[in-house]
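Descriptive analysis of the structure
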Amino acid sequence: MVTKEEITERDISMMRRALQLAAQGAGHVSPNPMVGAVITDATGRIIGEGWHRAYGGPHAEVQAFLDVRPDDEHLLKESSIYVTLEPCSHYGKTPPCAELLIRKGITRAVIGCGDPNPKVSGRGIRMLREAGITVVENVLEDECRYLNRRFMTAQTLRRPWIELKWAQSADGFMAADNPAVSAPGESGYLPVALSTPVSAVLMHRERSLCDAIMVGTDTLITDNPSLTTRLWPGRSPRPVLFRSDRLPDTLRILDRDPIWLDPALPLQENMRLLFSQHGITSLMVEGGARLLESFITAGLFDEIRVETSCFPLKSGLRSPVLPHTVGQS
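Summary of the structure given here. (Residues numbered from 1 in each chain as written. Predicted model: local features only at pLDDT ≥ 70, side-chain atom pairs only at ≥ 80, totals over all residues. Heavy atoms only, no water.)

1. Let's talk about the overall build of the protein
Selection criterion: Only DSSP runs of H or I covering at least 4 residues are called helices, and only runs of E covering at least 2 are called strands; the numbering of each starts at the N terminus. Throughout, exposure labels follow a simple rule: accessible area from a 1.4 Å probe, protein chains only, divided by the maximum for the residue type, with under 20% read as buried, over 50% as exposed, and the rest as partly exposed. Every residue pair with non-hydrogen atoms within 4.5 Å of one another is taken to be in contact. For every accessible area listed, the method is Shrake-Rupley and the probe measures 1.4 Å; residues are considered covered only by the protein chains on display.
The helix and strand inventory of the protein stands at 10 helices and 14 strands. In terms of overall dimensions, the protein has C-alpha extents of about 80 × 40 × 35 Å along its principal axes. For the protein, the residues scored as buried account for 51% of the 329 residues in total. Across the protein, contacts joining residues at least 24 apart in sequence account for 73% of those joining residues at least 6 apart. Carbon and sulfur atoms make up 53% of the accessible area of the protein, which totals about 16,300 Å².

Dropping the structure here:
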């Protein structure tokens, strides 16, 4: 373990810059993690920097070396590299970044946090040290882990990072009573617009950060949602649905290659299958109330976002009750 004395103010400053770069990959790199890299010469001058821009594309370390000017290439053998995540050590869609650092002659590698992916998990750091490179670990570790909380959760728990989201009225209702209900099986509630134009855009941005999005059968039938990121220029998450004979063929979401879950399986097992069979590392659950409550009851959530309107509904469909373990602000 690295002692605190080995971490300099420059290390912290450059890692913050690497984190800024890494965040630019948000919504574009999943299921890969967001990674940033900064290369400095012996005096601390930045001579190259980059980030992982798109899934399947060059990693942050590669981008940083490409950013080095030809006139500065000779400085690499006395340079340090700052990377928010342990360099990969295996061949995937790209060659191992640990080998690249060794080949370029980098003398010091400062790493934000380790990679829990079983294909890496300490191997990248070990390769660097065996090649004689000085390695400083866990610089701004908490910040680096938080940036990639979706990736970290999926790799360690073998299930997607799960975000529960709903909007509610000032008095805690998600939908209004439907006084026109007459036919058997018809919904007893009416959908109500509780979000503001600004919050709707922000939520579409949040959607773009998730691999998949899930709603319950009743919500699909009542709202016929598209669940896209039409208000934000990011990719739309893949829909996740429970199989049901009640779903009509006219649902808009059926054109978007949904993942179908077996309602007979335990919720925990369905979540594991989402990761192991479909590579889903993050899931947003948008409703309805019964589906949200099933996740809360099972303790299957990593974050809960509740948007509360300033207007009351006075009656209707009650919102889920926040568990005591969730902090509110």
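2. Some points on the nonpolar core
The line we're drawing: Residues belong to a common nonpolar core when they are buried Ala, Val, Leu, Ile, Met, Phe, Trp, Tyr or Cys residues joined through side-chain atoms within 4.5 Å.
Among the nonpolar cores identified, the biggest contains 43 residues, and Met-15, Ile-39, Phe-65, Leu-76, Ile-81 and Leu-128 are the most heavily contacted of them. The dominant element in this core, judged by the number of residues it contributes, is helix α1 (residues 9-22), at six residues. Core analysis: the second largest hydrophobic core is formed by 24 residues, Trp-166, Ile-259, Phe-295 and Ile-304 among them.

3. Some remarks on the sheet that holds strand β6 (residues 161-168)
Just so we agree on the cut-off: Strands are treated as partners if at least two bridges between them are detected by DSSP. Note on geometry: axes are lines fitted to C-alpha atoms, helical ones only across the stretch in contact, with angles between N-to-C directions running from 0 to 180 degrees.
If you trace the six strands from one edge of the open sheet to the other, you get β11-β10-β9-β12-β6-β13, paired in parallel fashion. Each edge of the sheet is formed by a strand with only one pairing partner; in this case those strands are β11 (259-261) and β13 (303-308). Strand-to-strand, the axes of this sheet are offset by a mean angle of 25°, without reference to chain direction. When strand β9 (residues 212-215) meets strand β10 (residues 238-242), the two strands line up parallel, connected through three bridges.

4. With respect to the packing of helix α9 (residues 267-278) against helix α10 (residues 289-298)
This is how it is decided: In these notes the angle categories are as follows: under 35 degrees is roughly parallel, over 145 is roughly antiparallel, 65 to 115 is roughly perpendicular, and the rest is oblique. Under the convention adopted here, Pro, Cys and the residues Ala, Val, Leu, Ile, Met, Phe, Trp and Tyr are nonpolar, Asp, Glu, Lys and Arg are charged, and Gly plus all remaining residues are polar.
Orientation of α9 relative to α10, taken along the N-to-C sense of each, is 95°, at an axis distance of 10 Å. Of the possible angle classes, the one that applies to α9 and α10 is roughly perpendicular. Side by side, α9 and α10 meet where Leu-267, Gln-268 and Met-271 of the first sit next to Ser-294, Phe-295 and Ala-298 of the second. By residue class, the composition of the contact of α9 with α10 is four nonpolar, two polar and no charged.

5. Focus: the packing of aromatic side chains
The cut-off we apply is this: Note on aromatic pairs: the rings of Phe, Tyr and Trp (six-membered ring only in Trp) are paired at centre separations within 6.5 Å, and the planes decide the class, stacked below 30 degrees, edge-to-face beyond 60, tilted for the rest. Ring-over charges, as used throughout, are those where CZ of Arg or NZ of Lys falls within 6 Å of the ring centre and within 35 degrees of the ring normal.
All chains considered together, the criterion is met by zero aromatic pairs. A cation sits over an aromatic face here: Arg-149 above Tyr-146, 4.1 Å from the ring centre.

6. A few points about the pattern of salt bridges
Spelled out, the test is: The term salt bridge refers to a side-chain nitrogen of Lys or Arg lying within 4 Å of a carboxyl oxygen of Asp or Glu.
Summed over the entire model, instances satisfying the criterion amount to 20 salt bridges. Notably, a salt bridge pairs Arg-150 with Glu-206, separated by 3.1 Å at the nearest N-O pair. Here Arg-150 is found in helix α6 (residues 149-157), whereas its partner Glu-206 is found in helix α7 (residues 197-208), with 56 residues between them in sequence. On the basis of relative accessibility, which here comes to 10%, the residue Arg-150 falls in the buried class. Between Glu-163 and Arg-305 there is a salt bridge whose closest N-O contact spans 3.0 Å.

7. Section: the layout of surface pockets
Operational definition: A pocket here means an open set of points on a 1 Å grid, computed over the protein atoms alone, that has protein on both sides within 12 Å along at least five of seven lines. A cavity is instead a set of points where a 1.4 Å probe fits but cannot get out; residues with an atom within 4 Å of a point line either one. Grid points are joined across faces, edges and corners, and a volume is the space filled by probe spheres set on the points.
Here the largest pocket defines a volume of roughly 1,300 Å³. Around the largest pocket, the lining is made up of 47 residues, and of these Thr-219, Asp-223, Glu-286, Gly-287 and Gly-288 lie nearest the centre. If you list the elements that add at least two residues to the lining of the largest pocket, you get β6, β7 (173-177), β8 (189-191), α7, α8 (217-223), β12 (282-287) and α10. With six residues, α8 is the largest single contributor of residues to the lining of the largest pocket. Taken together, the residues that form the lining of the largest pocket break down as 22 nonpolar, 14 polar and 11 charged.

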